[in-house]
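# Descriptive structure summary
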Amino acid sequence: MNNKLISLVIFDLDGTLLNTIDDLGYACNHALEACGYPTHSISEYPRLVGNGVNKLIERALPEGHKDEQTVKRLREYFVPYYNTHNCDYTKPYEGIPELLAALKARGCRMAVASNKYQEATEKIVAHFFPGMFNVVLGERVGVERKPNPQIVRDILEKVQREEEELSITYVGDSLVDRDTAANAGVPFVACSWGFVPREKLVEAGCERIIDSPTELW
């Protein structure tokens, strides 16, 4: 008996489904200012994000102040602020809600794989896309962040059932996502509307790049 073929689409969150850069930038600037460090313009933050909150804070700190203890101190200001303000300016990219609704109507399973800490990932996804995703995973204690492929393995464990075969597509906007997909051995589609410019995706050798959500079909 042949296994039933099911489509699974795994989405990155920041820069793929949602434009979160303003809220991330304001939260990081709040933490920097609270601890007496210079802040950044919001336009600088796309190059600082992608590897979780701690790495964002580390990149935002001045040279000579990027030690683990300082990062942890700023995180204590970042997290409460971001928990309160993470939906102030964040919004879905144009065409994303329609794409998700169409995939769901088609019977596709969908998951979120993010380097944003789990609490915020769950809150934001529930706010903007209630009931849309089968699995929502972010940064969790004891689990390495992307590009480690463990998050993809955890998603597969949660969504795959017996007598099913999954056709998997991983969609993301960054080279972290590209590497995550490669490390997990799943096909990758890069989206050019996120935080990494299209030309950098091309230079990095991304073979499949889409410029709008409708192109995912």
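Before reading on, note that the structure itself is shown above.
Here the structure is a predicted model, which means the values were calculated and not measured.

Rules used in this analysis
Residues numbered from 1 in each chain as written. Predicted model: local features only at pLDDT ≥ 70, side-chain atom pairs only at ≥ 80, totals over all residues. Heavy atoms only, no water. Axes fitted to C-alpha atoms, helices over the stretch in contact; angles between N-to-C directions. Helix = DSSP H or I, 4+ residues; strand = E, 2+ residues; numbered from the N terminus. Parallel < 35°, antiparallel > 145°, perpendicular 65-115°, else oblique. Left-handed = near helix turned anticlockwise from the far one by under 90°. Contact = heavy atoms within 4.5 Å. Nonpolar A, V, L, I, M, F, W, Y, C, P; charged D, E, K, R; others polar. Salt bridge = Lys/Arg side-chain N within 4 Å of Asp/Glu carboxyl O. Buried < 20%, exposed > 50% of the residue type's maximum accessible area, 1.4 Å probe, protein only. Phe/Tyr/Trp six-rings, centres within 6.5 Å; stacked < 30°, edge-to-face > 60°.

### Focus on the packing of helix H2 (residues 53–60) against helix H3 (residues 68–85)
Their axes nearest at 9 Å, the elements H2 and H3 cross at an angle of 115 degrees. Comparing the axis directions of H2 and H3 gives the class roughly perpendicular. The chirality of how H2 crosses H3 is right-handed. Along the contact surface, H2 presents Val-53, Asn-54, Leu-56, Ile-57 and Glu-58, while H3 presents Val-71, Leu-74, Arg-75 and Phe-78. A per-class count over the contact of H2 with H3 returns 6 nonpolar, 1 polar and 2 charged.

### Side note on the pattern of salt bridges
One pass over the full model with this rule turns up 12 salt bridges. Linking Glu-58 and Lys-55 is a salt bridge whose minimum nitrogen-to-oxygen distance equals 3.3 Å. Here Lys-55 and Glu-58 lie together in helix H2, a separation of 3 residues that amounts to about one turn. Among the residues examined, Glu-58 registers a relative accessible area of 27% and is labelled partly exposed. Using a relative accessible area of 25% as the deciding quantity, one classes Lys-55 as partly exposed.

### What to know about the packing of aromatic side chains
Centre-to-centre distance and the angle between the planes together describe a pair of aromatic rings. Counted by the stated rule, this structure contains 7 aromatic pairs. With a centroid separation of 6.4 Å and 65 degrees between ring planes, the pair formed by Tyr-82 and Tyr-117 is classed as edge-to-face. Taken together, the residues Tyr-82 in helix H3 and Tyr-117 in strand E4 (residues 109–117) connect sequence positions 35 residues apart. Judged on exposure class, the residue Tyr-82 and its partner Tyr-117 are both buried. Consider the rings of Phe-129 and Phe-133, whose centres lie 6.1 Å apart with planes at 75 degrees: the pair is edge-to-face. The exposure class assigned to Phe-129 is buried, which follows from its relative accessible area of 4%.

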